[in-house]
Amino acid sequence: MISPKIVSDTTKAIENASFLVVDDDRFFRSLIKTTLMQLGGYHIKDASSAVEALEQLKESTFDVLLLDHEMPGVTGLELARLIRKGNEGVLDPQIPIIIITGNTEERTVKEAKLSGVNEYLIKPISPAALEKRLAKILKTKAAQNSAT
């Protein structure tokens, strides 16, 4: 059984967090945004391409980037590498990244980790799986912020 305090802390963290959802598929973008709202997320922006995401990341900071793996042009993993290099003018190159994909191959999971991805989420996503990843990321981020 999950402690009510843990649930409460996670809910508060999600309510206070800002999210950027990047997916070329409008339906999946909407689905992820709706799931975030069901979990208590209010500060949600979206982008339909890597180029659009980079523009937003140059203008604003976000607590979590939720990134589709398979996108035309620049893929999610390529975007993650660009962000981590810090050469694109992104305000926070250390933003926590959750890659969302239907690909479960071990090679892809390893490539995601090497690209600087923090968490890996398999489609179709469930609210519980997303909440678990967000709780882990936001807890780590809070600990890092309090240490500085």
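Up top is the structure.
Residues numbered from 1 in each chain as written. Predicted model: local features only at pLDDT ≥ 70, side-chain atom pairs only at ≥ 80, totals over all residues. Heavy atoms only, no water.

With respect to helix α2 (residues 26-38)
This is how it is decided: Every helix listed is a DSSP run of H or I at least four residues long, and every strand listed is a run of E at least two residues long, numbered separately from the N terminus. Multiply 1.5 Å by the residue count of a helix minus one, and that product is the helix's expected span. Under the rule applied, a polar contact is a pair of N or O atoms within 3.5 Å (in protein, one hydrogen donor and one hydrogen acceptor; residues adjacent in sequence only if both atoms are side-chain atoms).
Between its terminal C-alpha atoms α2 stretches 18 Å, which fits the 18 Å expected from 13 residues at 1.5 Å a residue. A side-chain oxygen of the first residue of α2 lies 2.8 Å from the backbone nitrogen of Phe27; this N-cap is Asp25. The positive-phi residue at the C-terminal boundary of α2 is Gly40, with phi of around 110°.

Details of the environment of Arg84
For the record, the criterion: Two residues qualify as a contact provided that any one of their heavy atoms is within 4.5 Å of a heavy atom in the partner residue.
Position of Arg84 relative to the elements: it lies in helix α4 (residues 76-85). In contact with Arg84, other than residues within four places in its own chain, are Pro93, Gln94, Ile95, Pro96, Ile97, Ser115, Gly116 and Asn118.

Here we look at the environment of Ile122
Basically, it comes down to this: The classification of residues rests on relative accessible area computed with a 1.4 Å probe and restricted to protein chains. Under 20% of the type maximum is buried, over 50% is exposed, and intermediate values are partly exposed.
Considering the arrangement of structural elements, one finds Ile122 in strand β5 (residues 119-122). When its relative accessible area of 32% is taken as the criterion, Ile122 is described as partly exposed. Counting along the chain gives 22 residues from Ile122 to Gln144, while the straight-line C-alpha distance between them is 27 Å. With residues up to four places along the chain from it excluded, the contact list for Ile122 reads Thr101, Asn103 and Thr104.

Thoughts on the pairing of strand β3 (residues 64-68)
Here is the rule we go by: Pairing between two strands requires that DSSP report at least two bridges joining them. With strands facing away from the observer, any crossover in which the path from the first strand over the helix to the second runs clockwise is taken as right-handed.
With 5 of its 5 residues buried, β3 lies for the most part within the structure. The alternating pattern of β3 places Val64, Leu66 and Asp68 on one face and Leu65 and Leu67 on the opposite face, and all of these are buried. Of the pairings in the sheet, the one linking strand β1 (residues 18-22) to β3 comprises 4 bridges and is parallel in character. Each bridged residue has a counterpart across the sheet, and for Val21 the counterpart in β3 is Leu66. With 4 bridges joining them, β3 and strand β4 (residues 97-101) adopt parallel strand pairing. Its bridge partner lying in β4, Leu66 is registered against Ile98. Note on the crossover from β3 through α4 to β4: the handedness is right-handed.

A closer look at the side chain of Lys141
In this fold, Lys141 is placed in helix α6 (residues 127-147). Exposure remark for Lys141: the relative accessible area of 14% places this residue in the buried category.

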